[in-house]
Amino acid sequence: MKRRTLTTLAAITAAALPLAACGRDLPTAAQLAGASSGAAATAGLSPETTPPTRNYNKPVVWATYRPVETLDPVQAFDYPENSVDTTLCDALQRQLPDGSIGPGLATATYPTPTKLVLNLRSGPTFWDGHPVTAADVVYSLKRAASPTSGSFYSLVFNRVKSIVATSPSVVTITLSKPDFWLQGELSSMPGIVVEKAYAEREGKKFGTPQGLTMCSGPYEVKKWIPGTSLTEVANPHYWDSTLQPKVHELIFKGIGDDASVTSGFETGAIQGDYPLNISTLPQLQADKNLTVSFGPSNAVDALVIDNLKGTLGNVKVRQALSMAINREALIQALYHGHAQLPRTIENPGAWGYGQSVFQADWDRLPVPTVNIAKAKRLIRQAGAEGQSITIGTTSSINSLATDANSVRQAAVSIGLKATIDSVSAANYINFFTSASARKGIDAFPTTNYPDYADPAGLYNTLAIPGGSQNYDDFSDPAITNALEDARSTANPDQRAALVAKAGDLIAQQLPWIPLDAPNQLLVTAKQLTGAPDSFVYMGGPWANMMGGR
Amino acid sequence: MVRFAGRRALMLVVALLVSSFVIFISLDLAPGNPLATLSGGRTLSPAAQRVLTHEYHLDQPVLERYWHWLTGALLHANLGTSIEYREPVSSLIGQRIGVTAELVLYAGILIVLFGVGLGLLAGLRRGFLDNTVIAISTVLAAVPSFVAAIVLLALFSVKLGWLPSLGDGSGFASTIEHLTLPAIALAASAFAVVVRVTRVTVRAELAQEHVQTATSRGIPWRLVVRRHVLRNASIPITTVVGITITSLFALSAVVEQAFNLNGIGAALVQAALSKDFAVVQGISLVLVAAFVIANALVDLLYAVLDPRVAIGSRAA
């Protein structure tokens, strides 16, 4: 339910680097020969990489698209913070590389549909040696649930009535209505446990460069130079004997533009990165000292429809526009072909449960293809010929500019008038936060994802009234009911069926228009191996799986 | 001397006050909202928004916020807290100013050594050397520092692997190693300006009547150059070198970004984009102070170079 926000570097080097500058031209049909057909959902994509055989003793520099800004998990919501928090902290539930969820600091059981019981593991300790107790869990969860603590996650606790330590090692969460999404949330940032005494002592400084944090994870903070780098060392007392870190020192650096990341890799200044998309992919792939691989991801690129009162208020116009978008060209331009054609607003990499149910549904959905003639017919039926739309974007972030250009081309090709309203990279995020910034904008592109491998985690933000990203008050009772029912359904396959049903309806109603579903790109130095190639780095352990080859 | 120092100190204070006010107000007028940075674009509940707005005083009118900042700065030497990094501005600047100062110093030395040196040689000796220097400086003058950065990186770092591509190193040798390419990128276009001004100034002095008289009286060429040409040429050369080097503080932003250096220039750009008021304010004031102080030093140098110039008066 988040998005990549802004890259500052893009803003300053946009003029400098052709590769970071505004949207590239879409490739020709001949260049598209290798583009993903979208036929097999996750075929050939695996989160596995070669397992490490030994320790890696040199420091590993890991790039994030911008520097880390906070270590407070309840304020982590974007790539850099999530990738760092998952190395420092443990959550109550644990996301695995394939998207499934297992026990973390606790096992979770639902004795009744409205009661979630967390049985704490004995053994985990914080870096300072204190054991992780039920009091720490209650404190951390209440902090995440509180709307006034600065937490970004209070909404996900809206079915929670009470959180109580029923014994020194048991925490009981009582729900107002059944909520089987909560287990997923507890595997992500809102489920991270921090030390109560430490957080209370640091107060407002908690999570900042002065206050740092106190977790139980495989790495601990050694040095943080805000705006530049965060150095971590392996926690020698990590409680999980199966996942002892093999890389001794890990340095996260915020490096924004493709050129710097590329030269960093080629000169050995960077050892690893999960790039969102990188224009220099062929160059990295050609480098014999690097390993480049693709795995399943939770992310989708989509066009947010934020105004249902304008031209796009008519579902036929949205369907026509969707039908006219050349997604294969877009996938080639942005991801060199390494993305899937989205049949609804989901990435098959986000099927963390009920895979066969989701797969069967996916197979039934049509592959999106360009059909200008049919699209024009829809526009005529809607009486929308010659009507205009305005697409918001920023020319400073290549992927967003390319998305917007591609939508504009589609709109023009079916007889709509389309204008692009480009703002600075810094102001682009205002489309998400400020109604006045969205004024006059009909749609804008985004990269979005659910926090754990469940398409519902994204659907509920955009397709339910009151959803955090439902900017146009889109409402369809059938979609809302399917999602609400899914939330209350215990059986994973039945829940998947309801979520898939909502996905089918979303694909027809198009509250947002899906653009593509990128695969997870992972680049590491050849000598470094074992990092899972999936979206798990955003929610579960990953760095302690790496080591030397 | 005391009066000179006093006058300059007063000038510094006024410059800082005026610029702090102008920067604060213009940042407030610019579009964007620091809250968006704080939330990373995430939709916050109204309650969470209220908490954050209040915590960072964003609910107060701009003049009140300025006053709050100013009294904090004057009375408690507190430049405020960064919204983005939740870190006091003074420590943010403290961590970064070293790199920028080293970078500017390194580039300054390159400019003085090669810019002034080659400019003098080209001015004094016509012919092959002169033509070569002019040709090189023409090319360098046309290359903006971000292009120079990319070319240098591609050649010396990626292709040849001689010098590192990222970061600022620790320890003297490693710092020199890390800052060489950035310093060259930063110095390149300024070098061209200094070379040309030096060359033209020397040429002009050579054509002066008193130089020709001295030459015709049989005074050795070395002495003529030292006493009559260089002495007189030194004032305009000092002026241009002074201005060039102070301007490097601001220009360093681009180079710092390209080489991922942890300096104040890069931090300023980042802060301005995310509307991190206190950081923009703090760094700008450092830049203003650097400029005023460097100018004072240049004025002092005038008096040393030319006894006819009284301290503090502007040299011709």
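Provided above is the structure to which this section pertains.
The following paragraphs examine the structure supplied in this document. Bear in mind the structure is a predicted one, so any value in this text is a computation, not a measurement.

Analysis parameters
- Residues numbered from 1 in each chain as written.
- Chains lettered and ligands numbered in written order.
- Predicted model: local features only at pLDDT ≥ 70, side-chain atom pairs only at ≥ 80, totals over all residues.
- Heavy atoms only, no water.
- Pairing = 2+ DSSP bridges.
- Helix = DSSP H or I, 4+ residues; strand = E, 2+ residues; numbered from the N terminus.
- Right-handed = clockwise from strand over helix to strand, strands pointing away.
- Axes fitted to C-alpha atoms, helices over the stretch in contact; angles between N-to-C directions.
- Contact = heavy atoms within 4.5 Å.
- Polar contact = N/O pair within 3.5 Å; in protein donor to acceptor, adjacent residues only side chain to side chain.
- Core = buried A, V, L, I, M, F, W, Y, C linked by side-chain atoms within 4.5 Å.
- Buried < 20%, exposed > 50% of the residue type's maximum accessible area, 1.4 Å probe, protein only.

## Observations regarding the sheet that holds strand 12 (residues 272–273) of chain A
Residues and elements named next belong to chain A. Reading across from one edge, 9-10-11-2-12-20-13 is the order of the seven strands in this open sheet, with mixed pairing throughout. Each edge of the open sheet is held by one strand with a lone partner, namely strand 9 (219–225) and strand 13 (290–295). Strand direction decides the pairing type here: strand 9 and strand 10 (residues 229–234), joined by six bridges, are antiparallel. When the sheet's bridge partners are listed, Tyr219 is paired in strand 10 with Ala234.

## Focus on the pairing of strand 17 (residues 417–422) of chain A
Residues and elements named next belong to chain A. Relative to strand 17, strand 16 (residues 388–393) runs parallel, the two being bridged by six bridges. Residue pairing for strand 17: Ser388 is matched across the bridge by Lys417. What joins strand 16 to strand 17 is helix 12 (residues 398–413), and the crossover it makes is right-handed.

## A short note on the sheet that holds strand 8 (residues 170–175) of chain A
Remark on secondary structure: sheet strands pair via backbone hydrogen bonds, oriented parallel or antiparallel. Residues and elements named next belong to chain A. Spatially, four strands are ordered 5-6-8-7 in an open sheet, and the strand pairing comes out antiparallel. Looking at which strands have only one partner, the edges of the open sheet turn out to be strand 5 (106–112) and strand 7 (160–167). For this sheet the average axis-to-axis angle between neighbouring strands, irrespective of direction, equals 20°. Direction of pairing for strand 5 relative to strand 6 (residues 115–120): antiparallel, over a ladder of five bridges. Bridge pairing links Thr112 to Lys115 in strand 6. Strands strand 6, strand 7 and strand 8 of the sheet are contacted by helix 3 (residues 134–145), whose axis makes an angle of about 170° with strand 7.

## Examining the side chain of A:Thr208
For A:Thr208, the position within the fold is in the loop between helix 5 (196–202) and strand 9. For A:Thr208, the side chain forms a polar contact with the main-chain oxygen of A:Lys205, separated by 2.6 Å. What A:Thr208 contacts, discounting residues up to four positions off in sequence, is A:Trp224 and B:Arg86.

## Notes on the nonpolar core
Formed by 77 residues in total, the largest nonpolar core has its most connected members in A:Trp62, A:Leu118 and A:Ile173. Sorting elements by how many residues they give to this core places helix 3 of chain A first, with six residues. Excluding residues that lie within four positions of it along the chain, A:Leu118 makes contacts with A:Leu92, A:Ala106, A:Thr107, A:Ala108, A:Val137, A:Leu141, A:Ser169, A:Val170, A:Val171, A:Ile173 and A:Leu186. One finds B:Val99, B:Val229, B:Ala278 and B:Val279 within the second-largest nonpolar core, a separate group that totals 60 residues.

## Regarding the environment of A:Gln285
Residue and element names in this part refer to chain A. On the secondary structure map, Gln285 appears in helix 7 (residues 281–286). The spacing of Gln285 and Val523 is 238 residues in sequence and 8.9 Å in space, taken between C-alpha atoms. Once residues within four sequence positions are removed from consideration, Gln285 is found in contact with Val292, Phe294 and His338.

So, to be careful, I would describe these as geometric facts and stop short of saying anything about function.
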